[in-house]
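The lines below spell out each chain.
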Amino acid sequence: MKRYIQRLFVAILCSVVLFSCVEDLDFTQYDELEATPSYEASILYLEAPENVINLVNNNSDVFSQNFNFDAFSEDVFADRVIEGTITYIVENTTSKELEITIEFLDESGNITDTEVFFIEEAPTANIQREIAYGDAGRSIDIIKTLSTIRVTARNLGDNTSESNLNDPMITVKSSGKFRVRLK
Amino acid sequence: MRISTLFYIALFGVGICAHAQNKQLLYDFSEIPQALNINPGAEVDFKWYTSIPALSGISFQAGSSGISAFDLFANDGVDFNTKFRERVLGGMTTKDELSGTYQLELLNVGFRSQDPSVFYSFGIYNEGDAIGYWFQDYALLAIDGNADQLNRRFDLGDLKTRGEMMNVFHFGVNKQLNRKLTVGGRAKIYSSVFDFNSTRNKGFFVTRPGQNNILSSTFNADMQWRTSGINALKDAESEGNIGSTVLKRGLFGGNLGLGVDLGFTYKVNNQTVFTASILDLGFVYHSNDVENYTLKGDVTTEGVEVILPGALADPNRDFWQDLVDDIESIVPFENNFNSYIAFRPTKLNASLRYNWGEQVPRSADCDCGPNVTSNNRLSKFTNGVGAQLYMINRPRGPQSALTAFYLRRIGNIMTVKTTYTVDKFSLSNIGFGLNLQAGPLNMYFLADNLLAYRNVANSRYASFQLGLNIISWGKN
């Protein structure tokens, strides 16, 4: 009897194994998984009121400042970024025409990219510009090596007038949207 | 292939479900001694029993409630990214989970007291259990990112996971109070090898139109990841003595806890029986080799902000580093070594069984044949049919399963039980259990979700239990 039961036990186990099926699976497909998300966030906001601009003679630099910006040159980002765009919105509510220059510098201080905005006085002064980097635009290496952003504002008008608008100023807004390869 | 890759493939490859730890085949299967472990108040007619160490009380269950290995890895010519996007990102929700549990008996002995109405049992088993819910919003952030999703809140609470490995030392008492009622209790000491849990996370990440700048990013987090024993295992792995470390921590060298199981069997009438049990009503106090990580705070940023003329006061100011420092101080990622209590996943079982047919004389050495009415241990009927309810406390709330079963005794040598179980994950779970008695040698094999064996890879749930015992009814 004991032997009979043992055989029955083995037979059941074998039946489960023999009559079960496993369809063909290909786990190497996991290697094909691509994760290339796009992330976006603001980069730099600069604001200069008209009374500050009026302190400087016309045709002179109102402002020129280097800003350390290591976000894009960090390995976690630089090693993965594929492409992207930087969006600028420049608004001028002052009474004078201005020239805004944004330069990207690498760690050695070399200028790798320059964007210039000539912006008229209020009320029509509003520029939005998108700069692409990667295959469809400028070299993505500009982004990968970005270490410093230099912003220069130059007054192309007078230094006495004041806009009638409330709280007149020049503002530079910027955001970045980049696609990165996580896998 | 990296370890992480293998880990995920292994989890998916297992096939499988969320009613992990449901032992519907074993529950109320009174011919099997291990049934006492899931209802200490079960009817028991043994004089004594002992399991064969490491060959008994083996159970394994694993599952994925949202997807099977076949769904993803079938060699069907469909682009894997398309399958992943449609079936994982689009098909799973935060209620779906990947879970697994196992038990391995190291010792299980039971014996009847001099008072024949009392039966004692004790033993040791090793248990591992892990569950992770699908972290939907983290996956969306990793696959799609936050671009072009203004005002969409990515829920940081989607991270919910826990896992543990421990040895359980238990001692149970089963007493037949009268011919209708049998009650039992089991005291447990848990010796935790390791534990991790991150189940009470809150917070969100959202990108909105900015007030000054174009975009505003808000990160609100109240997150915690608690661990114990993990560092000891990491050290042991690097030193090559992981086996002895696991053994030491499992033998009271880790963290300890207490728990209790309670259960009863009540005969409503001669043919109808109601049973219920509550298991692992307990906790483990983690104070040894604890390391916890926290991320807590609320910050909104619109990037580097330079507002003249104030910004020119310090020409050497590093606006970027200031921004980074501000964010890190507002939402600090910290660790601590504070002790914590982890409650065990408590289980509830209940069944209602109706018996009929011939009465099979019991193996027990007692005057308890079919015509006896005064003895507490009456003979068993050949047929039993009924329903069982199972519930378990999980990080996202209780999960339940309902089972219909039929049990058939064939003499005193064979008992079979078949079950049909429904829960929110499966409507086609048919299980089969076989118990064989060859003299004192008892063997059982219980397997679940048999229909899935047509294509194991397409199964979302698999479990089996098997064991060998030596049983005596005190006969000469």
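Along each chain, residue indices are assigned from 1 in the same order as the chain's sequence is written. Naming scheme: in the order in which they are written, chains are lettered from A and ligands are numbered from 1. In keeping with the predicted nature of the model, local features appear solely for residues at pLDDT of at least 70, side-chain atom pairs appear and are counted solely at 80 or more, and the whole-chain, interface and lining totals rest on all residues.

Asks: Please clarify how the overall build of chain A should be interpreted in this entry.
Replies: Broken down by element type, chain A carries 4 helices and 8 strands. Scanning chain A from its N terminus toward the C terminus, one meets helices and strands in the order α-β-α-β-α-β-β-β-β-α-β-β. In this description, any two residues whose backbone-derived C-beta atoms lie within 7 Å of each other are considered to be in contact. Across chain A, every contact between residues at least 6 apart in sequence was considered, and the portion connecting residues at least 24 apart equals 82%. Under the scheme used here, helices are H or I runs from DSSP no shorter than 4 residues and strands are E runs no shorter than 2 residues, and both carry numbers assigned from the N terminus.

Asks: Can you help me understand the overall build of chain B in this one?
Replies: The helix and strand inventory of chain B stands at 7 helices and 22 strands. The exposure label follows from counting other C-beta atoms within 10 Å of a residue's C-beta, where the C-beta atoms are placed from the backbone and the thresholds are 20 or more for buried and 12 or fewer for exposed, leaving partly exposed in between. With 476 residues in all, chain B has 40% of them scored as buried. Across chain B, the fraction of contacts at a sequence separation of at least 24, relative to all contacts at a separation of at least 6, is 70%.

Asks: Quick question: what am I supposed to make of the sheet that holds strand β5 (residues 111–119) of chain A here?
Replies: Strands belonging to one sheet form pairs held by backbone hydrogen bonds; the direction of such a pair is parallel or antiparallel. All names here are of chain A. At least two DSSP bridges between two strands are required for those strands to pair. Strand order in the open sheet formed by 4 strands is β2-β7-β4-β5, with antiparallel pairing between adjacent strands. Looking at which strands have only one partner, the edges of the open sheet turn out to be β2 (61–68) and β5. Averaged over all pairs of adjacent strands, the angle between strand axes in this sheet comes to 10 degrees, irrespective of strand direction. Strand direction decides the pairing type here: strand β4 (residues 98–105) and strand β7 (residues 148–155), joined by 8 bridges, are antiparallel. Across the sheet, Glu103 pairs through a bridge with Arg150, a residue of β7. Only the stretch in contact is used when fitting a helix axis, every axis being a line fitted to C-alpha atoms; angles between N-to-C directions are given from 0 to 180 degrees.

Asks: Just to check I follow, could you spell out the nonpolar core for this structure?
Replies: A general tendency of soluble globular proteins is for nonpolar side chains to be buried together. For the purposes of this analysis, a nonpolar core is taken to be any set of buried Ala, Val, Leu, Ile, Met, Phe, Trp, Tyr and Cys residues that are connected through C-beta atoms within 7 Å. Counting 33 residues, the largest nonpolar core has A:Leu44, A:Leu46, A:Ala48, A:Ile100, A:Ala153 and B:Val304 as its most contacted members. Contributions of two or more residues to this core are made by β1 (38–49), β2, β3 (81–92), β4, β7 and β8 (169–180) of chain A together with β13 (304–307) of chain B. Dropping the residues within four chain positions of it, A:Leu46 is found in contact with A:Val151, A:Thr171, A:Val172 and B:Val306. Core analysis: the next-biggest nonpolar cluster, separate from the first, contains 21 residues, B:Tyr27, B:Leu36, B:Leu436 and B:Met443 among them.

Asks: Just to check I follow, could you spell out the interface of chain A and chain B for this structure?
Replies: Accessible area lost during the coming together of the parts is what is often quoted as the interface size. On the chain B side, the residues contacting the 48 residues of chain A number 50 residues. Looking at the side of chain A that touches chain B, the elements with two or more residues in it are α1 (2–19), β1, β2, β3 and β8 of chain A. Among the elements that make up the side of chain A that touches chain B, the one with the highest residue count is β1(A) (12 residues). The residue makeup of the side of chain A that touches chain B, split by class, is 30 nonpolar, 7 polar and 11 charged. Sheet analysis places β1(A) next to β13(B), joined by 4 bridges and oriented parallel. Looking across to β13(B), one finds that A:Leu46 is bridged to B:Val306. Amino acids outside the nonpolar list (Ala, Val, Leu, Ile, Met, Phe, Trp, Tyr, Cys, Pro) and the charged list (Asp, Glu, Lys, Arg) are all regarded as polar, and Gly is one of them.

Asks: Sorry, what's going on with the sheet that holds β3(A) here?
Replies: In spatial order, the strands read β6(A)-β3(A)-β8(A)-β1(A)-β13(B); together these 5 strands make up an open sheet with mixed pairing. Looking at which strands have only one partner, the edges of the open sheet turn out to be β6 (126–133) of chain A together with β13 of chain B. The average undirected angle you get between the axes of adjacent strands in this sheet is 10 degrees.

Asks: Explain helix α3 (residues 80–89) of chain B to me, please; I cannot follow it from the model alone.
Replies: Owing to its 3.6 residues per turn, the α-helix brings residues three or four apart onto one side. All names here are of chain B. When we look at burial in α3, the residues that qualify are Lys83, Phe84 and Val88. Projected down its long axis, α3 shows its buried positions confined to an angular sector of 100 degrees, all on one face. Seen from the open side of α3, the exposed residues pointing more than 90 degrees away from its buried face are Thr82 and Glu86. Here the buried face of α3 lies against α2 (69–73). This arc is taken over the directions from the axis of the helix to the C-beta atoms.

Asks: What should I look at first to understand unusual backbone geometry in this one?
Replies: What you tend to see is this: most non-glycine residues have negative phi, and most peptide bonds are trans. Residue and element names in this part refer to chain B. The amide bond that connects Leu308 to the next residue, Pro309, takes the cis arrangement and shows omega of 5 degrees. When you line up the elements, Pro309 lands in the loop between β13 and α7 (319–330). With a phi angle near 65 degrees, Asp28 is a residue other than glycine that sits in the positive phi range. The topology assignment puts Asp28 in the loop between α1 (3–13) and β1 (48–51).

Asks: What exactly am I supposed to notice about the pairing of β7(A) here?
Replies: Side-chain direction in a regular strand flips from residue to residue, so the side chains alternate between the two faces of the sheet. Note: β2(A) against β7(A), 7 bridges, orientation antiparallel. Its bridge partner being in β7(A), A:Asn66 is matched across the sheet by A:Arg150.

Asks: Could you clarify how one ought to interpret the environment of B:Trp320 in this entry?
Replies: Tracing the backbone shows B:Trp320 in helix α7. C-beta crowding within 10 Å serves as the criterion here: with 20 such atoms nearby, B:Trp320 is assigned to the buried category. Spatially, the C-alpha atoms of B:Trp320 and B:Gly303 are 8.4 Å apart, while their sequence positions differ by 17 residues. Excluding residues within four positions of it along the chain, B:Trp320 makes contact with A:Phe67, A:Asn68, A:Phe69, A:Asp70, A:Ala71 and B:Val304.

Asks: Quick question: what am I supposed to make of the confidence of the model for chain B here?
Replies: If pLDDT is low for a region, its predicted coordinates should not be looked at in detail. Residues and elements named next belong to chain B. When the pLDDT values of chain B are averaged, the result is 86; 88% of them are 70 or greater. Known as pLDDT, the predictor's per-residue confidence is scaled from 0 to 100. Across residues 1–20, where pLDDT falls below 50, the model places 50 contacts with residues more than four positions away in sequence or in other chains. Predicted confidence for residues 367–376 stays below pLDDT 50, and this span has 16 contacts to residues more than four positions away or in other chains. Two numbers describe this predicted complex: its pTM, 0.82, and its ipTM, 0.86.

Asks: Please explain the pairing of β3(A) as it appears in this structure.
Replies: Judged from the 11 bridges that link them, β3(A) and β8(A) form a sheet pairing that is antiparallel. Within β8(A), the position partnered with A:Gly84 by the bridge is A:Phe178.

Asks: Honestly, the environment of B:His170 in this entry has me stumped. Any pointers?
Replies: All names here are of chain B. Counting through the fold element by element, His170 comes out in strand β6 (residues 161–176). Here His170 falls in the buried class, since 21 other C-beta atoms lie within 10 Å of it. Along the backbone, His170 and Ile189 are 19 residues apart, and their C-alpha atoms lie at a distance of 6.4 Å. Leaving out residues up to four positions away in the same chain, His170 has contacts with Phe122, Gly123, Arg186, Ala187 and Lys188.

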